[in-house]
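Fold and contact review
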Amino acid sequence: MTDTLSITPELVAEHGLTNEEYELILSVMGREPTITELGIFSVMWSEHCSYKSSKVWLKRLPTKAPWVIQGPGENAGVIDIGDGDAVIFKMESHNHPSYIEPYQGAATGVGGILRDVFTMGGRPIANLNALRFGSPDHPKTRHLVSGVVAGIGGYGNCVGVPTVAGECTFHPAYNGNILVNAMTVGLARKDRIFYSAAAGVGNPVVYVGSKTGRDGIHGATMASAEFTEDSEEKRPTVQVGDPFTEKLLIEACLELMAEDAIVAIQDMGAAGLTSSSVEMASKGGVGFELDLDRVPQREENMTPYEMMLSESQERMLMVLKPGSEAQAEAIFRKWDLDFAVIGRITDTGRLTLKHEGEIVGDIPVAPLVDKAPEYDRPWEPTPPAPALHPGDVPAPRSLGDALRTLMGCPDLASKRWIWEQYDHMVMADTVQRPGGDAAVVRVHGTTKGLALTTDCTPRYCKADPVEGGKQAVAEAWRNITATGAKPLAITDCMNFGNPERPIIMGQFAGAIQGMAEACTALEFPVISGNVSLYNETNGEAILPTPAIGGVGLLKDIDCMVTIALKTAGDWLYMVGESAGHLGQSLYLREVCGREDGPPPPVDLAIERRNGDFVRSAIENRQVVACHDLSDGGLLVAAAEMALAGDLGFDLDADWGSLPDHAALFGEDQGRYLVEVSEGEAFEAAARAAGVPVKRIGFVGGDTLNRGGERLISLAELREIHESWLPNYMENA
Amino acid sequence: MKSAVIVFPGSNCDRDLAVALEKVTGFRPIMVWHGEADFDKVDLIALPGGFSYGDYLRAGAMAARSPVMKEVVKRANRGVPVLGICNGFQVLTETGLLPGALMRNANLKFVCKDVWLKVERTDTIFTNRYARGQVIRIPVAHHDGNYFADADTIRRIEDNGQVAVRYCDADGSFSPASNPNGSIGNIAGIFNEAGNVLGMMPHPERLIEPALGGADGRGFFESVMQELVA
């Protein structure tokens, strides 16, 4: 392509722009755009960058709380955790690239989200990931799991940021569109947060990091279209990551951030130099003049179009204070990174691009951003699923066999095979390792801890997007609470199908409504996020998957609990009430082979009351082990606690009229299973708080028992739970 | 006690090692950049874990040729204690200060988990605070920890008692299952002939306090401290 190319309707269509959108471009420009300008409009107005289908709904999410320093709209959100410390975090999808090239797709997903966090001045201290794969029987699944896990590990391990938590589930709806959602959590001083709004006419615009190549051109546009069978041909648009350079970039940026040199900084993520320069100029209300000849280039004869749209990794754009160029350059040279002044701030309000002495692009920034199309797409609510009563679901032939099936099923089987490939201990602050409800990472040099989790139950969201959206937020809140931490805020990664289909748009709208209700009721605002639409292949959409990344604060890690059972003779109590809800439960799917019924409803007032009580009981040291009840229900939670503590139990509770399998496998919300040494004091505290608790058994032995009858030995349970994934991956 | 932590581009356990040294010995180490050809006289030189130079070419290969390593080799040959952990061990074999090589793990995967180790020697500056045959638990986190040397070299280091720690089961017995990476003889760490250089794949700096899940790693740092202060 050259810059003298005339713009044909085919070219417009290839750029993913509609005729109406192109007309709008003509009216903004007052003339036919150059090919470089067309490319810039195309990426800035892509779904990925403009949120054109989702913006109207995202506005409904609560984003404020007294501890929120920065909500959505920056590279990442920021919260205050006291003592002058701030936590910066965000989750982002890298679904399409990871399906096409799993290792590099996942690796660069990690790299991108790390940059979003250290761009704002935060040293990354933890990574998490939420993974959804297709059916284990699908011929591509094993290859995708293997590549994604290796890619996440390959990047995170090398940069030296521990990967501490996540989730990994399987469903045929992801056969053609896996989900790879990566989250990074960083730590900064509250008064040293960096933002992206450019300022100061004449100030130098500086490019640092890796050189620019032809990789990833049009990645943002690819992420905004459906897949077809020939998506494999898009492999060259997947970027290649270099975690070593990222590590150098982290250290160099943080070193420069300790000086007084930076006015504004932004990473070059999706749409590379285009989105970083446009966003910085737009937020600052200024113009940018860039001399593309000065952009460090890895390949020869790159055109302005290619340079502006490249998604080469490990690059940042900064506006420096005048006179600090030499100081900044010395730091980047020390770390063997490219450093180039490529332009300056102007008062024109335009993005002006020069190449070989000619102006190859000149776009007014404000309309490029503000006139981006925004669609209120038609939507249809998901029809409610017919009710399913506990009596409609058959009891298992044997409780022990049902437990075996569940604990060894792909969604509940141990994910050790995955997290042992991630360095989850580097930085030497991981005080709660993977495998529990939430990971806990100590705030370096203090006794504070951050509880971190990712959650979503897509089958609930499919059956009822509103309840499913509520439940995703509530479960993240519950997992954080179960460590003893106070939940503070979330990031969301909204993975959905094609928004141009009303039923999909209805799923999106419903999930947002449910999430908004939960965020409000639980004081758990959204501070950052990402939307990934068009997750469809040949018209088959994924399950609606609003993945939630939650962060909570433990004032003192000495007060933290884990899920591991501690002491023989202790009591087991269930906090909350069971109605034996089996609709959309794993018992129904894995044991009965059915996926139907409504998901369990979430009563947010009860959720809050029960969680606040559990947290206070942990703080008072009445509770010595705690696990939230979610997938698989009470018996699965108890089994997981037994495995973690290497201690058995006997559940001797009587459920009255509720069938045993409904009580043990129902997935009613707002519940916890806790280990308590002093039962009477605990019951008294619960009564005072108005929270229903029920003594359901006691800890001890090396078997799992129901009313004195042995269900399974710990050894056999461990074998079943631990063996599924390694067997699946390695004995193909 | 004065110590130095060498920092290469891509080191990522340099802070962890410095924190552990300071917490256990009470003295904050100096951080020495890979480009420095000389640095202050110290009682202990520590090479941290990580991915020096991105592990490009071979793990440790490029770091072994950096300016600072010429000085480290010189001092090691004069008897200054040198401790290399993980990537630091890889750097030490690449410089020739320690025999053998660390190949890709037998299952070709990165592995991060706690392992059991049997302490084989306790009459050394790095291990005198442990009991002979003591079984300790500390983590590994590596992709290239599969210790290999030719048969003659293995015989020589075994005969000389140069094996510091071996991967074992919780009860101290050796089995293929207790070997996380395929190392010959379950070797997890070795000394040089003189005993002043120790390279090991496991990370003692990651388990030095109960809050992190254990304190079995402290002994290595306490041993050096004991030796140097006594």
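Being a predicted model, the structure only gives us computed values, none of them experimental.

Rules of the game
- Residues numbered from 1 in each chain as written.
- Chains lettered and ligands numbered in written order.
- Predicted model: local features only at pLDDT ≥ 70, side-chain atom pairs only at ≥ 80, totals over all residues.
- Heavy atoms only, no water.
- Helix = DSSP H or I, 4+ residues; strand = E, 2+ residues; numbered from the N terminus.
- Rg over C-alpha atoms; globule rule 2.2 N^0.38 Å.
- Contact = heavy atoms within 4.5 Å.
- Lys, Arg positive; Asp, Glu negative; His and termini not counted.
- Charge placed at Lys NZ, Arg CZ, Asp CG, Glu CD.
- Phe/Tyr/Trp six-rings, centres within 6.5 Å; stacked < 30°, edge-to-face > 60°.
- Buried < 20%, exposed > 50% of the residue type's maximum accessible area, 1.4 Å probe, protein only.
- Lys NZ or Arg CZ within 6 Å of the ring centre and 35° of its normal.
- Patch = residues over 30% accessible without salt bridge, like charges linked within 9 Å, V, L, I, M, F, W, Y side chains within 5 Å.
- Areas by Shrake-Rupley, 256 points an atom, 1.4 Å probe, with all protein chains shown as cover.
- Salt bridge = Lys/Arg side-chain N within 4 Å of Asp/Glu carboxyl O.
- Expected span 1.5 Å × (residues − 1).
- Bend = angle between axes of the 7 residues up to and from the residue.
- Pairing = 2+ DSSP bridges.
- Axes fitted to C-alpha atoms, helices over the stretch in contact; angles between N-to-C directions.
- Buried area = accessible area lost by both parts, 1.4 Å probe.
- Polar contact = N/O pair within 3.5 Å; in protein donor to acceptor, adjacent residues only side chain to side chain.
- Nonpolar A, V, L, I, M, F, W, Y, C, P; charged D, E, K, R; others polar.
- pLDDT = per-residue confidence, 0-100.

This part takes up the overall build of chain A. Within chain A one finds 25 helices and 28 strands. Taking 27 Å as the expected radius of gyration for a compact globule of 732 residues, we find that chain A reaches 26 Å, a close match to that expectation. Viewed in the frame of its principal axes, chain A has a C-alpha envelope of about 85 × 50 × 45 Å. Summarising the internal contacts of chain A: among those between residues at least 6 apart in sequence, 85% fall at separations of at least 24. Measuring between centres, the 60 positive side-chain charges of chain A sit 3 Å from its 101 negative side-chain charges.

Our next topic: the packing of aromatic side chains. Residues and elements named next belong to chain A. All chains considered together, the criterion is met by 15 aromatic pairs over all chains. Their ring planes at 45° and their centres at 5.5 Å tell us that phenylalanine 613 and phenylalanine 682 sit as a pair that is tilted. Here phenylalanine 682 lies in helix α24 (residues 679–689) and phenylalanine 613 lies in helix α21 (residues 604–619), a separation of 69 residues in the sequence. The buried category is assigned to phenylalanine 613, whose relative accessible area is 4%. One aromatic cluster is present, built from ring pairs that chain together Phe133, Phe170, Trp724 and Tyr728. Here lysine 140 stacks its cationic end above the ring of tyrosine 99, 4.6 Å away from the centre of that ring. Sitting above the plane of the tyrosine 728 ring, arginine 142 keeps its charged end 4.4 Å from the centroid.

What follows covers the side chain of glutamate 71 of chain B. All names here are of chain B. Along the chain, the position of glutamate 71 falls in helix α2 (residues 67–77). Owing to a relative accessible area of 10%, glutamate 71 belongs among the buried residues under this scheme. With sequence-adjacent residues up to four places away left out, glutamate 71 is seen in contact with Ala37, Asp38 and Phe39.

With that settled, the discussion passes to a nonpolar patch on the surface. Residues and elements named next belong to chain B. A surface patch of nonpolar side chains, about 320 Å² in accessible area, is lined by Tyr56, Leu57 and Met62. Among the secondary structure elements, methionine 62 is positioned in the loop between β3 (44–47) and α2. By relative accessible area, methionine 62 is classed as partly exposed at 36%.

Residues and elements named next belong to chain A. An ideal rise of 1.5 Å per residue puts 24 Å on 17 residues; helix α25 (residues 714–730) measures up with 24 Å between its terminal C-alpha atoms. Along its length, α25 reaches its greatest deviation from straightness, about 40°, at serine 723, and the proline proline 726 lies no more than four positions downstream. Listed in full, the buried residues belonging to α25 are Leu714, Leu717, Ile720, His721, Ser723, Trp724, Leu725, Tyr728 and Met729.

Residue and element names in this part refer to chain A. In space, the seven strands of this open sheet follow the order β23-β25-β22-β26-β24-β27-β28, with mixed pairing throughout. Among the strands making up the open sheet, the edge pair consists of β23 (623–628) and β28 (709–713). Adjacent strand axes in the sheet meet at a mean angle of 25° when their direction is disregarded. Bridge count between strand β24 (residues 649–651) and strand β27 (residues 703–706): three bridges; the pairing is parallel. Following the sheet pairing, aspartate 650 is matched in β27 by asparagine 705. Across the sheet, α25 is in contact with β27 and β28; its angle to β28 comes to roughly 45°.

So, on to the interface of chain B and chain A. On the side of chain A, 28 residues touch chain B, which itself brings 28 residues to the contact. The junction of chain B with chain A conceals about 2,300 Å² of combined surface from both sides, 58% of it contributed by carbon and sulfur atoms. When the buried area of chain B at its contact with chain A is split by residue, Arg15, Cys112 and Leu212 of chain B rank highest and sum to 23% of it. Inspection of the chain B/chain A interface yields five salt bridges. Where arginine 206 of chain B meets aspartate 423 of chain A, a salt bridge forms, and the shortest distance between an N and an O atom there is 2.9 Å. Across the chain B-chain A interface, the total number found is twelve residue pairs in polar contact (both at pLDDT 80 or more). Elements that contribute at least two residues to the side of chain B that touches chain A include exactly α1 (14–25), β6 (111–119) and β7 (135–142) of chain B. Here the side of chain B that touches chain A is built from residues that sort into 15 nonpolar, four polar and nine charged.

A few words now on the confidence of the model for chain B. Residues with a pLDDT of 70 or more make up 100% of chain B, whose mean pLDDT is 96. Here the complex is predicted with pTM 0.96, and the ipTM for its interfaces comes to 0.97.

What follows deals with the environment of leucine 522 of chain A. Residue and element names in this part refer to chain A. Here leucine 522 is to be found in the loop between α19 (502–521) and β18 (526–532). Given the relative accessible area of 2%, leucine 522 is considered buried. With 338 residues separating them along the chain, leucine 522 and threonine 184 place their C-alpha atoms 23 Å apart. Not counting the four nearest positions on each side in its chain, leucine 522 is found in contact with Val473, Ala474, Trp477, Leu604, Glu607 and Arg608.

What follows covers the pattern of salt bridges. Throughout the structure, instances matching the rule amount to 67 salt bridges over all chains. Arginine 478 of chain A is the salt-bridge partner of aspartate 628 of chain A, the closest N and O atoms lying 3.6 Å from each other. Within this pair, whereas aspartate 628 of chain A is found in strand β23, its partner arginine 478 of chain A is found in helix α18 (residues 465–481), the two being separated by 150 residues in sequence. The partner of lysine 109 of chain B in a salt bridge is glutamate 730 of chain A, with the nearest N and O atoms 3.3 Å apart. Note that lysine 109 of chain B is positioned in the loop between β5 (101–103) and β6 and glutamate 730 of chain A in helix α25, a pairing that runs across two chains. Given the relative accessible area of 18%, lysine 109 of chain B is considered buried. Overall, glutamate 730 of chain A belongs to the partly exposed group, its relative accessible area being 44%. A single salt-bridge network, built from bridges that share partners, covers Asp429 and Arg442 of chain A together with Arg15, Lys23 and Glu209 of chain B.

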